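Take a look at the letters that make up each chain.
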Amino acid sequence: QVQVVESGGGKVQPGGSLRLSCAASGSIFKLYAMTWYRQAPGKQRESVAGITDGGSPFYADSVKGRFTFSRDNARNTMYLQMNNLNPEDTAVYYCKAAIAPTGSPIGYDYWGQGTQVTVSS
């Protein structure tokens, strides 16, 4: 069994900061790419930030300079530091991890349950 769990969401005023965490646990052989997504009400889910299999970080244009992705491989955990938040960042944030479970030769995508981020005064 593999689980992916997000935490750290909440409500913050415009200009504020939040730090999201995403932890993968269970029978993990190898953890590949990890990605943060978000979905605002009435909109499609979009990728926000992450790191590819090759280790290259990427950011959506809308969050460049404000969000910082990091990863702790020893803990199978990734983080999203979000600064200078604005109301347009309000969404449910999800993490997706490509994981090869123990005994499996290939990886699968595992999604967390999501964490709500609300930016409002």
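Look a little higher up for the structure.
Residues numbered from 1 in each chain as written. Predicted model: local features only at pLDDT ≥ 70, side-chain atom pairs only at ≥ 80, totals over all residues. Heavy atoms only, no water.

A. Representation of the sheet that holds strand 3 (residues 18-26) within the structure. The strand order across the open sheet built from four strands is 1-3-8-7, with neighbouring strands paired in antiparallel fashion. Looking at which strands have only one partner, the edges of the open sheet turn out to be strand 1 (2-7) and strand 7 (67-72). Looking at each pair of strands side by side, their axes are set apart by 15° on average, direction ignored. Across six bridges, strand 7 lies against strand 8 (residues 77-82) in antiparallel orientation. Residue serine 70 lies in a different strand from strand 8, and its bridge partner there is tyrosine 79. (Pairing = 2+ DSSP bridges. Helix = DSSP H or I, 4+ residues; strand = E, 2+ residues; numbered from the N terminus. Axes fitted to C-alpha atoms, helices over the stretch in contact; angles between N-to-C directions.)

B. Just the pairing of strand 4 (residues 28-39), in detail. Both strand 4 and strand 9 (residues 91-101) contribute to a ladder of nine bridges, which runs antiparallel. The partner of methionine 34 across the bridge, within strand 9, is alanine 97. Alignment of strand 4 against strand 5 (residues 46-51), held across five bridges, turns out to be antiparallel. Looking across to strand 5, one finds that methionine 34 is bridged to isoleucine 51.

C. How the structure looks around the pairing of strand 1. Across the two faces of strand 1 the burial differs, with Val2, Val4 and Glu6 buried and Gln3, Val5 and Ser7 not buried at all. Bridging between strand 1 and strand 3 involves six bridges; their strand directions are antiparallel. Counterpart to valine 5 in the pairing with strand 3 is alanine 23. (Buried < 20%, exposed > 50% of the residue type's maximum accessible area, 1.4 Å probe, protein only.)

Worth remembering: the numbers are spatial, not functional.
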